[in-house]
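Chain by chain, the residues run as shown.
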Amino acid sequence: MNDDKIIIADDAVIHPGDLHEDFIRSSGPGGQNVNKVATAVQLRFDAANASGLSERVRARTIKLAGQRATKDGVIVIEAGRFRTQEQNRADARSRLTALVAKAAEPPPPPRKKTKPSKGAVERRLKTKAGRSTVKKLRGRIADD
């Protein structure tokens, strides 16, 4: 296992001790080999207890993981796209890194409330009054 920690942001670092990999049999390409060799990887990342994540990033990571997160806060990523263990391992790690990077993005700035201009309000009310007049004129004609 690679001993380098994955640094995503100041408040998001994945330590190798937080990752656990299991190799399982893969579906997909590989012919008869696919039934004999465990090439797919099941990467488990304990996000709830990861020391390298801030509280905000931890909560967002688990939320963004959706179905891939267990109720204990463990994120499970299965990668079986490729024929070799190393490629699948790299794929799983890159998908986990992308997920945590998305969670580590700063929140968008708050929305600024805007107000319609005085002219826009007057135009809206004028067209509204015009429509009202048209609809009144469509009604029954009263006898004088």
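Residues numbered from 1 in each chain as written. Predicted model: local features only at pLDDT ≥ 70, side-chain atom pairs only at ≥ 80, totals over all residues. Heavy atoms only, no water.

- The name that an unreviewed UniProt entry assigns to the protein is Aminoacyl-tRNA hydrolase, with the source organism given as Mesorhizobium sanjuanii.

### Thoughts on the environment of A65
Then, in step 1: Mapped onto the secondary structure, A65 falls in helix α1 (residues 55-65).
Then, in step 2: Taking the C-alpha atoms as reference points, A65 and V76, 11 residues apart in sequence, are found 8.8 Å from one another.
Then, in step 3: When residues no more than four places from it in sequence are discounted, the contact partners of A65 are I75 and L99. (Helix = DSSP H or I, 4+ residues; strand = E, 2+ residues; numbered from the N terminus. Contact = heavy atoms within 4.5 Å.)

### Thoughts on the pattern of salt bridges
Then, in step 1: Under the definition given, this model contains six salt bridges.
Then, in step 2: A salt bridge links R89 to E21, with the nearest nitrogen and oxygen atoms 2.8 Å apart. Taken together, the positions of R89 in helix α2 (residues 85-104) and E21 in strand β3 (residues 19-24) put the pair 68 residues apart, joining distant regions of the chain. Across the pair, E21 and R89 agree in class, each one buried.
Then, in step 3: Ionic pairing is found between R89 and E86, a salt bridge with its closest N-O pair at 3.1 Å. (Salt bridge = Lys/Arg side-chain N within 4 Å of Asp/Glu carboxyl O. Buried < 20%, exposed > 50% of the residue type's maximum accessible area, 1.4 Å probe, protein only.)

### Let's talk about α1
Then, in step 1: Along α1, the residues that are buried comprise V57, R58, T61 and A65. The buried residues of α1 all sit within an arc of 100 degrees when viewed along its axis, so they share a single face. Facing away from the buried side of α1 by more than 90 degrees, the exposed set consists of E55 and K63.
Then, in step 2: Next to the buried residues of α1 lie β2 (12-14), β5 (74-79) and α2.
Then, in step 3: G66 lies just past α1 and shows a positive phi near 60 degrees. (Arc of directions from axis to C-beta.)

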